[in-house]
Amino acid sequence: MAGTENINTSVGKPGEAEPRTFSRLYQTLDSPVNTISELSSRFKKLKDSSNGYRRVVLRSLCSNDVLTQAKQTGLPIEAVIPMDLVTDDNSAIVFLGENYHDSPPQGVNIQNLIENRNNHKTPLEKIKAIPDGFNLTNQLQANDQEDLFALWERFGWTRDQITNFIESIGSKQEDLWFSAIRDTNTGKIVAASTAEAMEFSGIKYIETTEYSTTDGYEGRGLCTATVAGLVAQVLSDTYYSQDASTTVIAAEFNTSSTSTAIGASTGFIIPKTEGVSQILSYNVAVVDGASGNSVFEKQSLEDRGIPFRFLRDFAVAVLPRENIVNLYSPEVIKQIINLYNKKS
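I will try to describe carefully the structure that is included in this document.

## Notes on the overall build of the chain
Stage number 1. For the chain, the count of helices and strands is ten helices and 14 strands.
Stage number 2. For 344 residues, the compact-globule formula gives about 20 Å, and the C-alpha radius of gyration of the chain, at 19 Å, lands near that figure.
Stage number 3. Seen through its principal axes, the chain has C-alpha atoms that stretch 60 × 50 × 45 Å.
Stage number 4. In the chain, buried positions account for 55% of the 344 residues.
Stage number 5. Taking all contacts inside the chain whose residues are at least 6 apart in sequence as the whole, residues at least 24 apart take part in 74%.
Stage number 6. When the 31 positive and 42 negative side-chain charges of the chain are each reduced to one mean point, those points stand 3 Å apart.

## What about the pattern of salt bridges?
Stage number 1. A complete count under the given rule lists twelve salt bridges for this structure.
Stage number 2. The salt bridge partner of Glu78 is Arg55, with a shortest N-O separation of 2.7 Å. Highlighted residues: Glu78 in strand β4 (residues 77–82) and Arg55 in strand β3 (residues 55–63), separated in sequence by 23 residues. When sorted by exposure, Glu78 lands in the same class as Arg55, which is buried.
Stage number 3. By sharing partners, the salt bridges in this structure join Asp175, Glu199 and Lys204 into a single network.

## Section: a nonpolar patch on the surface
Stage number 1. A contiguous nonpolar surface patch, about 250 Å² in accessible area, is contributed by Tyr239, Tyr240 and Val325.
Stage number 2. Mapped onto the elements, Tyr240 comes out in the loop between α7 (222–237) and β10 (246–254).

## Structural notes on the environment of Glu78
Stage number 1. Classification of Glu78 as buried rests on a relative accessible area of 8%.
Stage number 2. In this structure, the C-alpha to C-alpha distance between Glu78 and Phe95, residues 17 residues apart in sequence, is 5.7 Å.
Stage number 3. Apart from residues no more than four positions distant in its own chain, Glu78 is found in contact with Arg55, Phe95, Gly97, Glu98, Val276, Ser277, Gln278, Ile279, Leu280 and Ser281.

## Topic: the environment of Phe43
Stage number 1. Its place among the elements puts Phe43 in helix α1 (residues 36–48).
Stage number 2. Considered as a pair, Phe43 and Asp237 are 194 residues apart in the sequence and their alpha carbons are 34 Å apart.
Stage number 3. Residue contacts for Phe43: discarding those within four places in its chain leaves Val56, Leu58, Leu75, Pro76, Leu96 and Glu98.

So, how was this worked out
- Residues numbered from 1 in each chain as written.
- Predicted model: local features only at pLDDT ≥ 70, side-chain atom pairs only at ≥ 80, totals over all residues.
- Heavy atoms only, no water.
- Helix = DSSP H or I, 4+ residues; strand = E, 2+ residues; numbered from the N terminus.
- Rg over C-alpha atoms; globule rule 2.2 N^0.38 Å.
- Buried < 20%, exposed > 50% of the residue type's maximum accessible area, 1.4 Å probe, protein only.
- Contact = heavy atoms within 4.5 Å.
- Lys, Arg positive; Asp, Glu negative; His and termini not counted.
- Charge placed at Lys NZ, Arg CZ, Asp CG, Glu CD.
- Salt bridge = Lys/Arg side-chain N within 4 Å of Asp/Glu carboxyl O.
- Patch = residues over 30% accessible without salt bridge, like charges linked within 9 Å, V, L, I, M, F, W, Y side chains within 5 Å.
- Areas by Shrake-Rupley, 256 points an atom, 1.4 Å probe, with all protein chains shown as cover.

No statement about biological role is implied by the geometric values presented.
What follows is the structure, encoded as structure tokens:
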């Protein structure tokens, strides 16, 4: 079976610092941090080992007291997920990040994009609004490789990684989910999204990612429908299952694309924390159709064929308990899952 190390993983592994794409050194601490001295020393240690890297990121579960002290002492907090949004807990997932290059803000005003979204339809209604000729699917076949590659090449996936992903979905690999729209006239996959889980500090942390629509199929709500269905699958397997772990369903939205609006339409919010931008600065590069950033536009650096001039800011979002209850009840989830893989 193809493991997550053989796909273009988004969440990585907890524990030691690990090299990530686009010259990042990334670390997710596997135990909670309860003192500011520990958080500061862990981040300093990460920075001290970052020679040759463009960017460092430390992700950790911290007490709210540590978060307050981190802000007071000027640690570079890029984003925060307050745990009281998802469970009864006085703590937060904190992202410390620092770039070793100029990083002027880029992308749109994310809060305006969310507030101006079309929120008149629930996720179930958005799935039911899929036009005739398109079906929701969470199944993949070997001959879907080129369709999925066309959708995810912009994120840096290789054909081999796509092949491994298809095998992983076919074998029902644990902690990996997939959702797509198939054009019933051509049999092609034309929109897709996925989710992947990791566990740290007693949390099952699930990131929904790779929201993508084939050129020419935009504007029909197809990708939004895949994400709504993806969330329903994840909740069915975690939040509403016998899993004892605290579930955090998160996303990182490219502020130069429509992914923030898609996420907002399916129940995600970008938490507001005073003094925190919620932006992972120049985190990864995506060929999204927007112009390149000004920092790397005259440089030839690239990773897996994607130039660093497409490095983007990403907004950290979470699916709050309130929206799970209001938008994804067990009955709604059952209805959504029953809409998958219908024969035309």
